[in-house]
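Each chain, written out:
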Amino acid sequence: QVQLVESGGGLVQAGGSLRLSCAASGRTFSYYAMAWFRQAPGKEREIVALISRSGGSTYYVDSVKGRFTISRDNAKNTVYLQMNSLKPEDTAVYYCAAGNAMVTTTSWYTSWGQGTQVTVSS
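Computed from a prediction, not measured in an experiment: that's the story for all the values here.

## Some thoughts on the pattern of salt bridges
Scanning the entire structure with this criterion turns up four salt bridges. Notably, a salt bridge pairs D90 with R38, separated by 3.0 Å at the nearest N-O pair. Taken together, the residues span a long stretch of sequence, with D90 in the loop between β8 (78-83) and β9 (92-99) and R38 in strand β4 (residues 33-39) at a distance of 52 residues. R38 shares its class with D90; the two are buried. K65 is the partner of D62 in a salt bridge, and the nearest nitrogen-oxygen pair spans 3.0 Å. Of the two residues, D62 and K65, both sit in the exposed class. One connected set of salt bridges, linked through shared partners, spans R38, E46, R67 and D90.

## Points about the side chain of D90
Exposure remark for D90: the relative accessible area of 1% places this residue in the buried category. Of note is the side chain of D90, whose polar atom sits 3.0 Å from the side chain of R38. A distance of 2.7 Å separates polar atoms of two side chains, one belonging to D90 and the other to R67. With near-sequence residues (within four places) excluded, D90 lies in contact with R38, R67, F68, S85, V118 and V120.

## Side note on the nonpolar core
One finds M34, W36, L81, M83 and Y94 to be the most contacted residues of the largest nonpolar core, which totals 30 residues. When contributions to this core are tallied by element, the ones reaching two or more residues are β1 (2-7), β3 (18-26), β4, β5 (46-51), β7 (68-73), β8, β9 and β11 (116-121). L81 has contacts with L18, R19, L20, W36, V48, A49, F68, T69, I70 and Y94, leaving out every residue within four places of it along the chain. Counting six residues, the second largest nonpolar core, distinct from the first, contains A35, I47, L50 and A97.

## Points about unusual backbone geometry
The phi dihedral of N77 falls on the positive side, at around 55 degrees, and the residue is not glycine. The residue N77 is located in the loop between β7 and β8 in this model. Not every positive phi belongs to a glycine, and S85 is a case in point at roughly 50 degrees. Checked against the element boundaries, S85 lands in the loop between β8 and β9. Assessed through its relative accessible area of 40%, S85 is described here as partly exposed.

## So, the environment of A14
Secondary-structure assignment places A14 in the loop between β2 (10-13) and β3. By relative accessible area, A14 is classed as partly exposed at 40%. Taking the C-alpha atoms as reference, A14 lies 6.3 Å from P88; in sequence the two are 74 residues apart.

## Topic: the sheet that holds β8
On the basis of which strands lie adjacent, the open sheet formed by four strands has the order β1-β3-β8-β7 and antiparallel pairing. Each of the sheet's edge strands pairs with one partner strand only, and the pair in question is β1 and β7. Looking at each pair of strands side by side, their axes are set apart by 15 degrees on average, direction ignored. In terms of strand pairing, β7 meets β8 through six bridges, oriented antiparallel. The partner of F68 across the bridge, within β8, is M83.

Definitions and cut-offs
Residues numbered from 1 in each chain as written. Predicted model: local features only at pLDDT ≥ 70, side-chain atom pairs only at ≥ 80, totals over all residues. Heavy atoms only, no water. Salt bridge = Lys/Arg side-chain N within 4 Å of Asp/Glu carboxyl O. Helix = DSSP H or I, 4+ residues; strand = E, 2+ residues; numbered from the N terminus. Buried < 20%, exposed > 50% of the residue type's maximum accessible area, 1.4 Å probe, protein only. Polar contact = N/O pair within 3.5 Å; in protein donor to acceptor, adjacent residues only side chain to side chain. Contact = heavy atoms within 4.5 Å. Core = buried A, V, L, I, M, F, W, Y, C linked by side-chain atoms within 4.5 Å. Pairing = 2+ DSSP bridges. Axes fitted to C-alpha atoms, helices over the stretch in contact; angles between N-to-C directions.

If you want it as structure tokens, here you go:
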């Protein structure tokens, strides 16, 4: 398994930006497809974005397309989520996850970070 640690969350006003990072250790990072999920209070955890092992393929949920960008640096064992034009509805705990394929379902992923809180004020 790979160990994951997220950082970069915080409080931001609507329209602002944040950059989340997820640092990996343990197994070879480049072996894994990586994902960002989020979970708002009282809601199920949902997919936000995916990136392939090489970084050549990405996926975004419709609600963040054009605002969020997922990227990875395999030399630094880190995946990023650049979040622009943030909205109050983006408020959630954001989790990164590692898996061996680009899949949108939470049950597929075996390694998870502890989560980082993102709060967007109106």
